[in-house]
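Residues per chain are reported as follows:
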Amino acid sequence: MLGKKLIKSLIIILAGLVIMSCIVFYAFAEYQGSEWKPAPEDLWKWQQFKGETIYVATENTPPSVGMLGVIEDFEELTGMKVETTIDIMDSLKEKIFLDLKGDTGRFHLNYAQPGPIGCMVAEYWVPINKFIDVRTGKSLMPDLPDVPDIPEGTILEEAYSPMHVEGGCKFFDPTIWYGLPYDTAMGIIFYRKDLFEKYNDKFIEIYGKPLEWTDDTTWYDLYDIGKFFNDYVDEVEYGLGFHSAQNWPINQSYTAMLNAWGVKKGGFAEIENRLLGSRSPGPYLSDPEDYKKAIDCVEFMKKIEDISHPDDVVFDWNELATAQAMGKIAVQWNCGEFAPYMEDPERSKVAGKIGYGVSPKGPGGINGYEIGCSAMAINGSLPLREQKKAFLYLLWTTGPVAQYKAFEAYSGTPVRRTVYDEARERGWNWTVDDHRVVGVYLEVQERQMLKYPEGWTSLKIPTYTKYLEITGSELTKYITGKTPTAKECVDNMIERMNKLHGIK
Amino acid sequence: MTKVLKKVYERIVAKVPWYVWWIVPGMVILVCITMPPFIWMIRMSFYEIFLSPTRSDQFVGWLNYAKYFSDPDVLEGWRKLGIYVGSCMGLQMGIGFGIALLVNKSKYEGQLLTLFLIPMMVAPVATGYLWRLMLHSSYGMYHWLLMSIGLVGKGGSLLSNPGTALWAIIIMDTWEWTPLVILIAVAGLKTIPKSVVEAARIDGATKFQIFRDVTIPFVSPALLIAFLLRFMDNIRFITKIVSTTGGGPADATKTISMYLYLLCFRQFDLGYGATVGLLLLIFTIITALVLTNVLTKYIMARKGRAV
């Protein structure tokens, strides 16, 4: 009897000790962030390809430009040389597609922008599941290191946001990771906070509401703000800057607004998982409610465009940011990574005058936005040895040190959560080398990402590039007056999209 | 075997002029470089080509050709190409020849020619980007000039208006390539025999009659070369469209050549793109042959009468 009681007590005590040790263990399972260094016993894994070269193809946006500034760290750590081809999206796409389809093996690593690149060529890339346990980040090969800075007991996905992993690294299949998250350009609002303060009273007088930007500000409020600045404020030429250049920019505006209007999955109702996409998206705007909302949304796009800067139909991301930096626009919706440019007194007339906010809410009650959340992926046609070389760079460039340093060098859009934590600790804004490093947009970006995850559409279909052409062509025709009505514009898109997918 | 070789030598080899053999190696290399891709392109036009490694190319027969003749973008593309080529040719030939007449035998002919040739030395893609910057509504000098004289309204640049975007590109092309026409026309003007001009003057011909009946016929062969060169380039080149508008706004600058580029290198619809490319090539060859034949006969006839 006593023996049984003793055994029971011992079991309970043991269980308690195990639970306590787990709690203690997890409490001390902290990320190292930018302080992370490879363990001495792992150095040989990083340095096994000393003297060799790897070739990377990536986009000419701040995250990659920033990465160029810190590439010496990787070269010093590994003894490898990195040759980076950096280009605009269309040319980059061309180079990557020709390399993969032609099997020339020119690039070890590709920038894996989900829509224009990943949807089309993901199957050419190496599943990262081959090298690591995607749950824990532990290496599956004895000669390769683990994913940096994943404390024991934590899962790999937690080092990023779940959205980045699902939306950036996976294509159609929920189990395969085609890369690791690399950057996350995100649409946020840039507004002239100085003019908002100055003209608040007048705005209240005319519109009966304050001139401010909150998480609940809607697209209709944005229209009122734009009209107000056009009609009553001489300090700026135009109230709004709105992306409506053919194909990529206007598509980003359209997809974000469609989502804000409550049309899910980019209008393809049959897609099961909005972040994974589908090889067979089904008919476009087949749901009658979605159809009505799309017409309303497109009509509103024209209304917004009519009061926006007239060159929006040709401006790319940089040019729209430049227009605001020169003081010509009061409010723009653009990628957060342009904030440093706006805040640099040497390049911008509006440094210190910009406020940042989450994307506007639509009638669907959603703050719809677009992200260029991209992974970095490894060319699968290369021999295993070359893939391993590429894998080392992948680990480093998506790791906490490179992400933090690249952000500090050029203010990009980091994906590692530790960068956001470190920025938060430093109060979001600090100065480096006399250039103001803007972290405040990171706060807005993080809030948008974590508080409004349903705002992102991440449309992934194998015919994405043709989808871009169809929507770009039809929307710009309507916006410039060549197509008379929004209904005709939407009907044209439906007809062409369904024809593309063989749907009658 | 020796008899066969002897016969081949006597009937073919011995009759070929000796200088032809010097260009045979070059011709062989040219054929080897150009023919296989051309044949492959014809093959591609009968297939649907998939980018994905898990799907092999699918034979679709004449489907791509049927799609071509029912594609509204194709008709629109040809219409825009017609406007683009027609306007560029008219402006470049007219302005080029006019400047050549003024420059030829002028006091500062050498210096003026050097000045006029500068735009031609700029790479086409650099020309596109340069003009894009100059026409930019935020900081472009040309935009400011055009606004100052009231030719454009506040804000909108020429490139952002579907009605003016194609014309802006025509002006860019004219700026860059009129110097080539000037150069060729000046060379042609120098071939006019002085004796013929003198004879016409002695016979009492007016300046206009000398220009119409002597100058034009003698310079026409040179102008024909300039015309053909520019015609072939205008049909094919899309550099300025790519570097300025990308085919927009609202497809305003999406000529058939630009559409071909978008199909092949943006959408990667290589099968249909091969069809569009092949038909564009056939059109270009036929048009060039017809123009060359017709214009050559006309020029030779007029030159004969001039002499």
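Residues numbered from 1 in each chain as written. Chains lettered and ligands numbered in written order. Predicted model: local features only at pLDDT ≥ 70, side-chain atom pairs only at ≥ 80, totals over all residues. Heavy atoms only, no water.

Peer 1: Looking at this structure, I do not really get the overall build of chain B. What am I missing?
Peer 2: Summing up its helical and strand segments, chain B has 13 helices and two strands in all. For chain B, whose C-alpha radius of gyration is 25 Å, the value lies well above the compact-globule estimate of 19 Å for 307 residues. C-alpha extents for chain B along the principal axes are approximately 80 × 80 × 30 Å. Taken across its 307 residues, chain B has 46% of its residues classed as buried. Pairs at least 24 apart in sequence give 69% of the contacts found in chain B among residues at least 6 apart. Of the accessible surface of chain B, which amounts to about 16,700 Å², a share of 73% is contributed by carbon and sulfur atoms. Across chain B, the centroid of the 28 positively charged side chains sits 7 Å from that of the 15 negatively charged ones. (Helix = DSSP H or I, 4+ residues; strand = E, 2+ residues; numbered from the N terminus. Rg over C-alpha atoms; globule rule 2.2 N^0.38 Å. Buried < 20%, exposed > 50% of the residue type's maximum accessible area, 1.4 Å probe, protein only. Contact = heavy atoms within 4.5 Å. Areas by Shrake-Rupley, 256 points an atom, 1.4 Å probe, with all protein chains shown as cover. Lys, Arg positive; Asp, Glu negative; His and termini not counted. Charge placed at Lys NZ, Arg CZ, Asp CG, Glu CD.)

Peer 1: Hey, could you run me through the nonpolar core in this one?
Peer 2: Among soluble globular proteins, nonpolar side chains are generally buried collectively. In this structure, A:Trp125 and A:Tyr393 are the most contacted members of the largest nonpolar core, which totals 135 residues. The element that contributes the greatest number of residues to this core is helix 8 (residues 165–189) of chain B, accounting for 13 residues. For A:Tyr393, the contacting residues outside a window of four places in its chain are A:Ile54, A:Val56, A:Met67, A:Ile71, A:Phe74, A:Val82 and A:Leu109. With 95 residues, the next largest nonpolar core counts A:Ile271, A:Cys297, A:Ile304 and A:Tyr369 among its residues. (Core = buried A, V, L, I, M, F, W, Y, C linked by side-chain atoms within 4.5 Å.)

Peer 1: Is there a simple way to think about helix 4 (residues 71–78) of chain A in this case?
Peer 2: In an α-helix, one turn spans 3.6 residues; hence positions three or four apart end up facing the same way. Residue and element names in this part refer to chain A. For helix 4, the set of buried residues is Ile71, Phe74, Leu77 and Thr78. An end-on view of helix 4 places all buried positions within 125 degrees of arc, on one side of the element. The outward face of helix 4, more than 90 degrees from its buried face, is lined by the exposed residues Glu72 and Glu76. Against the buried residues of helix 4 lie helix 2 (43–47), strand 1 (53–59), helix 3 (62–69), strand 2 (81–87) and helix 15 (384–397). Immediately downstream of helix 4, the backbone of Gly79 shows phi near 80 degrees, a positive value. (Arc of directions from axis to C-beta.)

Peer 1: Quick question: what am I supposed to make of the packing of aromatic side chains here?
Peer 2: Ring pairs (aromatic) are described by centroid distance and by the angle formed between their planes. All names here are of chain A. As enumerated under the stated definition, the model contains 40 aromatic pairs over all chains in all. Between Phe268 and Tyr467 the ring centres are 6.3 Å apart and the planes differ by 55 degrees, which places this aromatic pair in the tilted class. Linking Phe268 in the loop between helix 11 (248–260) and helix 12 (288–306) with Tyr467 in helix 19 (residues 464–479), this pair joins segments that are 199 residues apart in sequence. Assigned by exposure class, Phe268 and Tyr467 land together as buried. Through a chain of ring-to-ring contacts, three or more aromatic side chains come together here, namely Tyr191, Phe196, Tyr199, Phe203, Tyr207, Phe228, Phe229 and Tyr232. (Phe/Tyr/Trp six-rings, centres within 6.5 Å; stacked < 30°, edge-to-face > 60°.)

Peer 1: Any chance you could explain the packing of helix 16 (residues 400–410) of chain A against helix 17 (residues 417–425) of chain A here in plain terms?
Peer 2: Between two packed helices, the angle of one axis relative to the other and the distance separating the axes together describe the packing. Residue and element names in this part refer to chain A. Helix 17 packs onto helix 16 with a crossing angle of 50 degrees between their chain directions and a minimal axis gap of 9 Å. Comparing their axes, helix 17 and helix 16 come out oblique. Our pair here, helix 16 against helix 17, has a crossing hand that is right-handed. In this structure, helix 16 contributes Pro400, Gln403, Tyr404 and Phe407 to the contact, and helix 17 contributes Thr418, Val419 and Glu422. Among the residues forming the contact of helix 16 with helix 17, the class breakdown is four nonpolar, two polar and one charged. (Axes fitted to C-alpha atoms, helices over the stretch in contact; angles between N-to-C directions. Parallel < 35°, antiparallel > 145°, perpendicular 65-115°, else oblique. Left-handed = near helix turned anticlockwise from the far one by under 90°. Nonpolar A, V, L, I, M, F, W, Y, C, P; charged D, E, K, R; others polar.)

Peer 1: Mind showing me how you'd approach the confidence of the model for chain B here?
Peer 2: A low pLDDT score tells you not to read the predicted coordinates there in detail. In the predicted model, chain B carries a mean pLDDT of 90, and 97% of its residues have values of at least 70. Here the predicted complex carries an ipTM of 0.84, next to a pTM of 0.87. (pLDDT = per-residue confidence, 0-100.)

Peer 1: Whenever I open this one, the interface of chain A and chain B confuses me. Can you help?
Peer 2: Where interface size is quoted, it is often the accessible area lost as the parts come together. If you look at the interface, chain A gives 34 residues, while chain B gives 33 residues. Both sides of the chain A and chain B interface together cover about 2,900 Å² of buried area, and 52% of this is carbon and sulfur. Remark: the boundary between chain A and chain B carries six salt bridges. Between A:Glu319 and B:Arg132 there is a salt bridge; the shortest N-O distance is 2.6 Å. Within the residue set of the side of chain A that touches chain B, elements represented by two or more residues are helix 5 (89–101), helix 6 (114–121), helix 13 (317–325) and helix 19 of chain A. Its residues placed into classes, the side of chain A that touches chain B shows 12 nonpolar, seven polar and 15 charged. (Buried area = accessible area lost by both parts, 1.4 Å probe. Salt bridge = Lys/Arg side-chain N within 4 Å of Asp/Glu carboxyl O.)

Peer 1: Quick question: what am I supposed to make of the pattern of salt bridges here?
Peer 2: Opposite charge on two side chains makes pairing possible when the charged atoms of those side chains draw close. Throughout the structure, instances matching the rule amount to 51 salt bridges over all chains. Measuring nitrogen to oxygen at the nearest pair gives 2.7 Å for the salt bridge that ties A:Lys209 to A:Asp221. With A:Lys209 in the loop between helix 9 (200–207) and helix 10 (219–232) and A:Asp221 in helix 10, this residue pair connects regions lying 12 residues apart in the sequence. The exposure class of A:Lys209 is partly exposed, given its relative accessible area of 24%. Of the charged contacts, one joins A:Arg426 and A:Glu408 as a salt bridge, the two residues approaching to 3.3 Å between their closest N and O atoms. With A:Arg426 in the loop between helix 17 and strand 9 (430–432) and A:Glu408 in helix 16, this residue pair connects regions lying 18 residues apart in the sequence. By relative accessible area, which is 42% here, A:Arg426 ends up partly exposed. Linked by salt bridges that have partners in common, A:Glu469, A:Glu474, A:Lys477, A:Arg496, B:Asp73, B:Asp251 and B:Lys254 make up one network.

Peer 1: Whenever I open this one, the pairing of strand 4 (residues 179–192) of chain A confuses me. Can you help?
Peer 2: On a regular strand, one side chain projects to one face of the sheet and the next to the other, so that they alternate. Residue and element names in this part refer to chain A. With 14 of 14 residues buried, strand 4 is to be regarded as a mostly interior element. In this structure, strand 4 lies alongside strand 8 (residues 371–378), joined through seven bridges in antiparallel fashion. Bridging across to strand 8, Thr184 finds its partner in Cys373. Both strand 4 and strand 6 (residues 329–335) contribute to a ladder of five bridges, which runs antiparallel. Counterpart to Tyr191 in the pairing with strand 6 is Val331. (Pairing = 2+ DSSP bridges.)

Peer 1: Explain the environment of B:Val186 to me, please; I cannot follow it from the model alone.
Peer 2: Residue and element names in this part refer to chain B. The topology assignment puts Val186 in helix 8. Since its relative accessible area comes to 5%, Val186 is described here as buried. For the pair Val186 and Phe97, spaced 89 residues apart in the sequence, the C-alpha separation amounts to 8.1 Å.

Peer 1: How should a positive patch on the surface be read in this particular structure?
Peer 2: Taken together, the side chains of B:Lys3, B:Lys7, B:Arg11 and B:Lys15 present a region of like positive charge at the surface. Judged by its relative accessible area of 71%, B:Lys3 falls in the exposed class. (Patch = residues over 30% accessible without salt bridge, like charges linked within 9 Å, V, L, I, M, F, W, Y side chains within 5 Å.)

Peer 1: Got a minute to help me understand the environment of A:Lys499 in this structure?
Peer 2: Residue and element names in this part refer to chain A. Among the structural elements, Lys499 can be located in helix 20 (residues 486–500). Given a relative accessible area of 65%, Lys499 falls into the exposed group. Separated by 222 residues in sequence, Lys499 and Gly277 have C-alpha atoms that sit 19 Å apart.

Peer 1: Is there a simple way to explain the side chain of A:Asp87 in this structure?
Peer 2: Residues and elements named next belong to chain A. By the secondary structure assignment, Asp87 is in strand 2. Among the residues examined, Asp87 registers a relative accessible area of 17% and is labelled buried. Within the structure, the side chain of Asp87 is placed 2.4 Å from the side chain of Lys95, a separation counted as a polar contact. Contacts of Asp87, omitting those with residues within four sequence positions, involve Thr58, Glu59, Asn60, Leu92 and Lys95. (Polar contact = N/O pair within 3.5 Å; in protein donor to acceptor, adjacent residues only side chain to side chain.)

Peer 1: I would appreciate a short explanation of the environment of A:Thr397 in the present structure.
Peer 2: Residues and elements named next belong to chain A. Tracing the backbone through its elements, the reader meets Thr397 in helix 15. For the pair Thr397 and Lys202, spaced 195 residues apart in sequence, the C-alpha separation works out to 49 Å. Not counting residues up to four positions away in its chain, the partners in contact with Thr397 are Met67, Tyr182, Ala402 and Gln403.

Peer 1: Please clarify how the packing of helix 19 of chain A against helix 20 of chain A should be interpreted in this entry.
Peer 2: Residue and element names in this part refer to chain A. Across the interface, helix 19 lies against helix 20 with an axial gap of 9 Å and an inter-helix angle of 165 degrees. Comparing the axis directions of helix 19 and helix 20 gives the class roughly antiparallel. At the point where helix 19 passes helix 20, the crossing takes the right-handed sense. Between helix 19 and helix 20, the residues in contact are Lys466, Tyr467, Ile470, Thr471, Ser473, Glu474, Leu475 and Tyr478 and Ala486, Cys489, Asn492, Met493, Arg496, Met497 and Leu500, respectively.

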